Amino acid sequence: INTWNLTTSNPCGGWFGVRCCSVETACHVVELKLPANNLVGTIPSTINGLTMLQTLRLSENSLNNRIPSSVGKLTALTQLDLDTNILTGSIPSTIGNLTSLKGLYLAVNALTGSIPSTIGNLTSLEVLALNSNALTGSIPSTIGNLTSLEDLDLDSNALTGSIPSTIGNLTWLLGLLLYSNALTGSIPSTIGNLTSLKGLDLNSNALTGSIPSTIGNLTSLEDLYLDSNALTGSIPSTIGNLTSLEDLDLDSNALTGSIPSTIGNLTWLLGLLLYSNALTGSIPSTIGNLTSLKGLDLNSNALTGSIPSTIGNLTSLEYLYLDSNAL
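Predicted model only: the values in this text are computed from it and were never measured.

Enquirer: How would you explain the overall build of the protein chain if you had to name every residue and give the values?
Expert: When its secondary structure is counted, the protein chain shows zero helices and 17 strands. Referenced to the eigenvectors of the C-alpha coordinate spread, the extents of the protein chain come out at roughly 85 × 35 × 35 Å. Carbon and sulfur atoms make up 50% of the accessible area of the protein chain, which totals about 13200 Å². Between the averaged position of the 8 positive side-chain charges in the protein chain and that of its 21 negative side-chain charges there is a distance of 15 Å.

Enquirer: So what about the sheet that holds strand E5 (residues 62-65)? Which residues, and what values?
Expert: Read from one edge to the other, the open sheet built from three strands follows the order E3-E5-E7, with strand pairing classed as parallel. Pairing within the sheet leaves two strands with one partner each, and these edge strands are strand E3 (40-41) and strand E7 (86-87). Both E5 and E7 contribute to a ladder of two bridges, which runs parallel. Opposite Asn 64, over in E7, you have Ile 86 as the bridge partner.

Enquirer: Residue-level account of the pattern of salt bridges, with values.
Expert: Applying the stated criterion to the full structure yields six salt bridges. Here Lys 33 ties to Glu 31 by a salt bridge, and the two come within 3.6 Å at their closest N and O atoms. Residue Glu 31 is classed as buried on the basis of its relative accessible area, which comes to 17%. With its nearest N and O atoms 3.8 Å apart, the salt bridge here joins Lys 198 to Glu 222. Placement of the pair is Lys 198 in the loop between strand E11 (175-177) and strand E12 (199-201) and Glu 222 in the loop between E12 and strand E13 (223-225), with a sequence separation of 24 residues. Ionic contacts of the salt-bridge type, sharing partners, join the residues Arg 19, Glu 31 and Lys 33 into one network.

Enquirer: Break down the side chain of Asp 249 for me, with residues and values.
Expert: Within the secondary structure, Asp 249 is located in strand E14 (residues 247-249). Within the structure, Asp 249 has its side chain in polar contact with the backbone nitrogen of Asp 251 (distance 3.3 Å). With residues up to four places along the chain from it excluded, the contact list for Asp 249 reads Leu 224, Tyr 225, Leu 226, Asp 227 and Leu 273.

Enquirer: Could you give an account of unusual backbone geometry, with specific residues and numbers?
Expert: At Ala 36, a position not held by glycine, the phi torsion is positive, near 50°. In this structure, Val 108 takes a positive phi of about 55° despite not being glycine. For Val 108, the position within the fold is in the loop between strand E8 (103-105) and strand E9 (127-129).

Enquirer: I'd like a rundown of the environment of Ser 141, residues and numbers included.
Expert: Its location among the elements puts Ser 141 in the loop between E9 and strand E10 (151-153). The class of Ser 141 is partly exposed, set by a relative accessible area of 47%. When the C-alpha positions of Ser 141 and Lys 198 are compared, they lie 22 Å apart, and in sequence the two are 57 residues distant. Setting aside residues no more than four positions away along its own chain, Ser 141 makes contact with Pro 164 and Thr 166.

What counts, and at which threshold
- Numbering of residues starts from 1 in every chain and runs along the sequence as written.
- Predicted model: local features are reported for residues with pLDDT of at least 70 only, side-chain atom pairs are reported and counted for 80 or more only, and whole-chain, interface and lining totals are derived from all residues.
- To obtain the side-chain values, all non-hydrogen atoms of the structure were included, while hydrogens and water were left out.
- Elements are defined by DSSP. Helices are runs of H or I of four residues or more, strands are runs of E of two residues or more, and each kind is numbered from the N terminus.
- For the accessible areas, the method is Shrake-Rupley and the probe is 1.4 Å, while residue cover comes only from the protein chains on display.
- All tallies of charge rest on Lys and Arg as positive and Asp and Glu as negative; His and the ends of each chain are not included.
- Where a charge lies is defined by one atom per residue type: Lys uses NZ, Arg uses CZ, Asp uses CG and Glu uses CD.
- Being paired, for any two strands, means DSSP has found at least two bridges between them.
- Here, a salt bridge means any Lys or Arg side-chain nitrogen found within 4 Å of an Asp or Glu carboxyl oxygen.
- A 1.4 Å probe rolled over the protein chains alone gives each residue an accessible area, and that area as a share of the maximum for its type sets the label: buried under 20%, exposed over 50%, partly exposed in between.
- As used in this structure description, the phrase polar contact means that two N or O atoms lie within 3.5 Å; if the pair is within protein, one of them must be able to donate a hydrogen and the other to accept it, and residues adjacent in sequence are counted only when both atoms belong to side chains.
- We call two residues contacting when some pair of their heavy atoms lies within 4.5 Å.

Here it is in structure tokens:
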């Protein structure tokens, strides 16, 4: 520290991964970036001494044990990235003190316990990545306070309970990934408020009820994965509003009724997977509009009638499965 030159823009410029700034006669560490540096051991509780720290990036190391609660004293932080370590224990509730935070990355660790409700204090947050841990409990309704959020990734945990209706407050959201949990209840109709959404993945949960018709409001959506749940009811005709959609996967549910003719509006679709449901009626002739389609799987339903001749329009098709129906 005695070698720091307070007259330069980065007094500790010779220290790998560390950036400092000088305020009057004092020098403060503002960035600590040491990703993929084979770091081991624990994050020291004394890290709270870096009171001016704005960026803490320690991802892709082998850090273990708990995230110290003292991290909540780093109130200048805008980026906290502890992704891809072997951190255990719960997310400290003091994380809610970091109200300047824009990015919180705790994915790919071994974190347990519930998501603290204090997460709702982080109203400047743009990215929240807690995926690939062992988190339990429900998604707190306070998540709806994060109205600047663009990416919410909670997949591959053991989260239970329903998707809170407050999720509909996150109108800047581009990606919502909740797959591979144990979520129950219905998909809230407020999901239709997320009109900026490009990716929605709720697959591999235990969701019930029908697909809300408000899903048709998501006209920017490119990927929709609702497969491997226990959804019932019919596919809403409003699905035809999703004209930017490239992948539609509703397989392995208990959907009934016919395939809506509006499916033919989805002319950018590359994959249409509706297999292993209880769909009835005929295959709509409008399926022939989907000329970009590479994969069509309608197997294991109760479809009747003839295969429409318009299926011959699908010249980009690489696989076609219509087996185990009553065609």
